[in-house]
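Understanding the architecture of this molecule
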Amino acid sequence: MSRKPVLVINAAKHGFMFEEGRTLLPFDSVEPYLLTHPYGGADQLDPQQYPHVAVCNFHKNEEILAAARWMISEYGITAIVAPHEKYLVLAAQLRTEFGLPGLQYESAVLFRDKIKMKQAVQAAGLRIPAFWSLDRVEDLDALDWSRGSKIIKSRFGVGGSDVYHVDTLEAAREAWQTAGPDAGQFEVEEFIHGTMYHVDAIVSQGEVVFTSASRYLAKPGDFTPGGIFGSVNIRSGDLFERICDFNSRAVTALGMEGGVTHLELFHTPEDELVFCEVAARPGGAGIDRAIDQCFGVNIVEAAVRLEAGLQMPIPSHAADRVKGPVWGFIGIYPDGPEPGPAIELEQRSSMGIAEYLPGGAKNAPRHCSDFTHRYIVGAADETAFDERYRALAEASGAHF
Amino acid sequence: MTSDTAPTPRLVVIGGDPALAASARSLGCSLVNLQLPGSPVEEYLAPDENYYSIDWHGASFKRFVDAVIRPLNPVAVVSLGEDSLTAVAAANDLLGLPGLQLTTINAFDALYSAHDSMAVSQDDARFTAAMFTVEGTHRMIGIVEHDPDARTPGQVSLPVSLTDEHVDALTKQISTLLNGLKLQDGPSTTEFRVDLNQTVVTRVRLVPPARDLCAVIHAETGIDLERWALGWPMGLGGPAVDEAATTTPDANEEAGQ
């Protein structure tokens, strides 16, 4: 059987393409052509598996594009796998340019530009926060600062970085100054009170075929040194159904045909669901592992397979798992150059820890998933999980 | 504010092993490594460097150079492997870079096809002469005599059992040969034997000798031929023109004769 030549644009370490040594790309049906970077992009790469490799500077799109265009033309590439959010638009640009299937340029822009994203979601009849484009510092003067606090954030930011919560015009101007040279690509949003949720979905042929919804235990933008963060999944009830429906309408509105999405939304004290943002990639921070523990579904593998043009079968037992324990991730942020130790191995079982994922972060966190330690935790129900979250914070010396 | 720091020159290295890459890197260059598909990758990588799997024997190599290498603005394309010299010359020709040129490769091929007798077995060679050319001036760097009692292939010994007269005559002979090849710059390796006081050249290559021979020459002369071969197209790591000229005062008088 001839194999499909697939271009893999991997901005992560090479190990990202494997799960405990098992390749996420089936080599019996896919012939991979790897485009990566010199900082771990080829760590322990087996040239038998990946005989065609290009390594270049991933801070220079022109280098990536030159190599990608060459490989697509020369090797008859049929699909592009690009799991990292920062290269989503670049990969989509190449698909559109070469007539390849998958996420196209116009849709990819909707998944990256938080202003165009909200406009598309609003057009689908979903509630979004009021928002304003922030191109010049003078734009801040036109806003009504007596009507509650606001969020200033990058139009193209990832991982909760470049997010400022401000109450006054003066604070907003200060945030603009702090943002520095990137300030021209910011937006202002109405601050939404409420609990945040994330929804991780698998989309195939334009239909959401798998959904996992989780409640954040803190807001992603609130990461601080020595802090704690996490989420726990919810699996039933009216709120769950409403969140799933909201997610389906949003990702469909943005034109997702096949892939994995990670959407964030607010549930307000007035019982309203309000859109926050959505990405066309698996959730980070360990969310993928928590979902795998809960449902037996690997969303990273799903993203890779679907972008490669392969099917991603959802195991039949996934639906049954809703009756089992709840799962989530818990991350501990660094609090200095020598962060505290991980939870001792012998203590982990009693705390419901099924997996430990070293984060390696030091000093201060740079984004919401920049952890020193990560744990995948199970509990009988949400209440029991919240207890374990508090216990883990206490044992780690982390503050809420 | 602009930086006063000049960008690190980019050197394209076709083929070679990780040790060669390290040597090229030590010249102060950022490398663009080209390796055949299926070759190791990790061992060649250093921060801010590039690597591409490419079959440089293939018909599409020139398109690759034009599409991928040209935008990287390399200062030179080099190789120490015989199988990639044509690719080096083709890339230099396409990119307008100094170094090995297609005219030399074409002359070299013509010479070989005209002198089938040169393509004798390497086993016949008793001596290996390493020369280095700068702007058409050829310098004898060292002659290594292969030890007939060697237990391992390539084991060699110095000094050679040749007289000064032999060396002078040989230098002239090889220089004439290299002039015929239109070699303007770079390394060359000539293998020969001496039969009844007659020097018989058995093989000429436009690369430095094998690494173990280079090591012997380095130990004896202090000249790192691999480093010279890598650096000369950029003006790094090679001898000055006048230095080369003084070593072979007579050789070039015969050029073109």
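Keep in mind that what you see is a predicted model, and the values were worked out from it rather than measured.

Further remarks concern the overall build of chain A. Helix and strand content of chain A: ten helices and 18 strands. Its C-alpha atoms give chain A a radius of gyration of 21 Å, near enough to 21 Å, the size a compact globule of 400 residues would have. Over its C-alpha atoms, taken along the principal directions, chain A stretches across nearly 60 × 55 × 45 Å. Put simply, chain A has 400 residues, and 57% of those count as buried.

Now for the interface of chain B and chain A. Contacts between the two partners involve 23 residues from chain B and, on the opposite side, 19 residues from chain A. With both sides pooled, the region where chain B packs onto chain A buries about 1700 Å², and carbon together with sulfur makes up 57% of that total. Three residues stand out in chain B for area buried against chain A, namely B:Val41, B:Glu42 and B:Ser53, and they jointly supply 24% of the buried area on that side. Summed over the shared surface of chain B and chain A, the number is two salt bridges. For the salt bridge of B:Arg63 with A:Glu74, the shortest nitrogen-to-oxygen distance reads 3.4 Å. Between chain B and chain A we count ten residue pairs in polar contact (both at pLDDT 80 or more) in total. Among the secondary structure elements, those contributing two or more residues to the side of chain B that touches chain A are β3 (50-53) and α2 (61-69) of chain B.

For the rest of this paragraph, the subject is the sheet that holds strand β10 (residues 186-190) of chain A. Residues and elements named next belong to chain A. The antiparallel open sheet is built from four strands, whose spatial order is β7-β10-β8-β9. Edge positions in the open sheet fall to β7 (131-134) and β9 (163-166), since each of these has one partner strand only. The average angle at which neighbouring strand axes cross in this sheet is 20°, direction not considered. Packed on one face of the sheet, helix α5 (residues 169-179) meets β7, β8 (150-154), β9 and β10 and runs near 165° to β9.

A few words now on the pattern of salt bridges. Residue and element names in this part refer to chain A. This model, assessed by the stated rule, comprises 32 salt bridges over all chains. A salt bridge links Arg-242 to Asp-271; the nearest nitrogen and oxygen atoms lie 2.9 Å apart. One end of the pair, Arg-242, is in helix α6 (residues 238-253); the other, Asp-271, is in the loop between β14 (259-267) and β15 (273-279), with 29 residues separating them in the sequence. As a salt-bridge pair, Asp-245 and Arg-249 come within 3.9 Å of each other at their nearest N and O atoms. Linking Asp-245 with Arg-249, this pair stays in helix α6, spanning four residues, or about one helical turn.

This brings us to the packing of aromatic side chains. Each aromatic ring pair is characterised by the separation of its centres together with the angle its planes make. Residues and elements named next belong to chain A. Across all of its chains, the model carries 19 aromatic pairs over all chains by this definition. Ring geometry for Phe-27 versus Tyr-50: centroids 5.6 Å apart, planes at 90°, classification edge-to-face. Of this pair, Phe-27 sits in the loop between β3 (22-23) and β4 (30-36) while Tyr-50 sits in the loop between β4 and β5 (52-55), and the two are 23 residues apart along the sequence. Take Tyr-50: its relative accessible area is 0%, and that puts it in the buried class. Here the aromatic rings of Phe-229 and Phe-329 are separated by 5.8 Å at their centres, their planes lie at 80°, and the arrangement is edge-to-face.

Moving on: the nonpolar core. Grouped together as the largest cluster of nonpolar side chains are 65 residues, with contacts concentrated most on A:Leu7, A:Leu35, B:Leu34, B:Tyr52, B:Phe61, B:Phe64 and B:Ile69. If one sorts the elements of this core by residue count, helix α1 (residues 61-75) of chain A sits on top with eight residues. No fewer than three residues from each of domain 1 (10-97) and domain 2 (123-254) of chain B sit in this core. A:Phe18, A:Phe27, A:Val304 and B:Met234 belong to the second-largest nonpolar core, a separate cluster that totals 38 residues.

A word on the environment of A:Tyr50. Distance in space between the C-alpha atoms of A:Tyr50 and A:Val209 is 31 Å, their sequence separation being 159 residues. Those residues in contact with A:Tyr50 that sit more than four places away from it in its chain are A:His14, A:Met17, A:Phe18, A:Leu25, A:Phe27, A:Pro32, A:Leu34 and A:Leu45.

What follows concerns the domain arrangement of chain B. Residues and elements named next belong to chain B. Each assigned domain of chain B is listed here: domain 1 (10-97) and domain 2 (123-254). Listed as interface residues are 16 residues of domain 1 and, on the opposing side, 14 residues of domain 2. In this structure, the connection of domain 1 to domain 2 is made through two salt bridges. With its nearest N and O atoms 3.3 Å apart, the salt bridge here joins Glu-82 to Arg-203. Our enumeration of links across domain 1 and domain 2 arrives at three residue pairs in polar contact (both at pLDDT 80 or more). Take the side of domain 1 that touches domain 2: its biggest share by element is four residues, from helix α1 (residues 18-25).

Quick look at the pairing of strand β11 (residues 195-204) of chain A now. Residues and elements named next belong to chain A. Counted residue by residue, β11 has nine buried out of ten residues, so it is predominantly covered. As paired strands, β11 and β14 are joined by nine bridges and run antiparallel to one another. Note that in β14 the partner of Ala-201 across the bridge is Thr-261. The antiparallel hairpin formed by β11 and strand β12 (residues 207-216) contains two residues in its connecting segment, where Gln-205 sits at a positive phi of about 50°.

Within the open sheet, the eight strands sit side by side as β6(A)-β1(A)-β4(A)-β5(A)-β3(B)-β2(B)-β1(B)-β4(B). Their pairing is mixed. Edge positions in the sheet fall to β6 (79-81) of chain A together with β4 (76-78) of chain B, since each of these pairs with one other strand and no more. Across the sheet, the mean angle from the axis of one strand to that of its neighbour is 20°, orientation sign disregarded. Looking at chain direction, strand β1 (residues 10-14) of chain B and β4(B) are connected through three bridges and run parallel. From the neighbouring strand, B:Val13 faces β4(B), where its bridge partner is B:Val78. Packing against the sheet, α1(B) makes contact with β1 and β2 (30-35) of chain B, and its axis sits at approximately 155° to β2(B). In the packing of helix α3 (residues 85-95) of chain B onto the sheet, contacts are made with β1 and β4 of chain B, and the angle to β4(B) comes to roughly 170°.

Rules behind the numbers
- Residues numbered from 1 in each chain as written.
- Chains lettered and ligands numbered in written order.
- Predicted model: local features only at pLDDT ≥ 70, side-chain atom pairs only at ≥ 80, totals over all residues.
- Heavy atoms only, no water.
- Helix = DSSP H or I, 4+ residues; strand = E, 2+ residues; numbered from the N terminus.
- Rg over C-alpha atoms; globule rule 2.2 N^0.38 Å.
- Buried < 20%, exposed > 50% of the residue type's maximum accessible area, 1.4 Å probe, protein only.
- Contact = heavy atoms within 4.5 Å.
- Buried area = accessible area lost by both parts, 1.4 Å probe.
- Salt bridge = Lys/Arg side-chain N within 4 Å of Asp/Glu carboxyl O.
- Polar contact = N/O pair within 3.5 Å; in protein donor to acceptor, adjacent residues only side chain to side chain.
- Pairing = 2+ DSSP bridges.
- Axes fitted to C-alpha atoms, helices over the stretch in contact; angles between N-to-C directions.
- Phe/Tyr/Trp six-rings, centres within 6.5 Å; stacked < 30°, edge-to-face > 60°.
- Core = buried A, V, L, I, M, F, W, Y, C linked by side-chain atoms within 4.5 Å.
- Domains from an automatic or database assignment.

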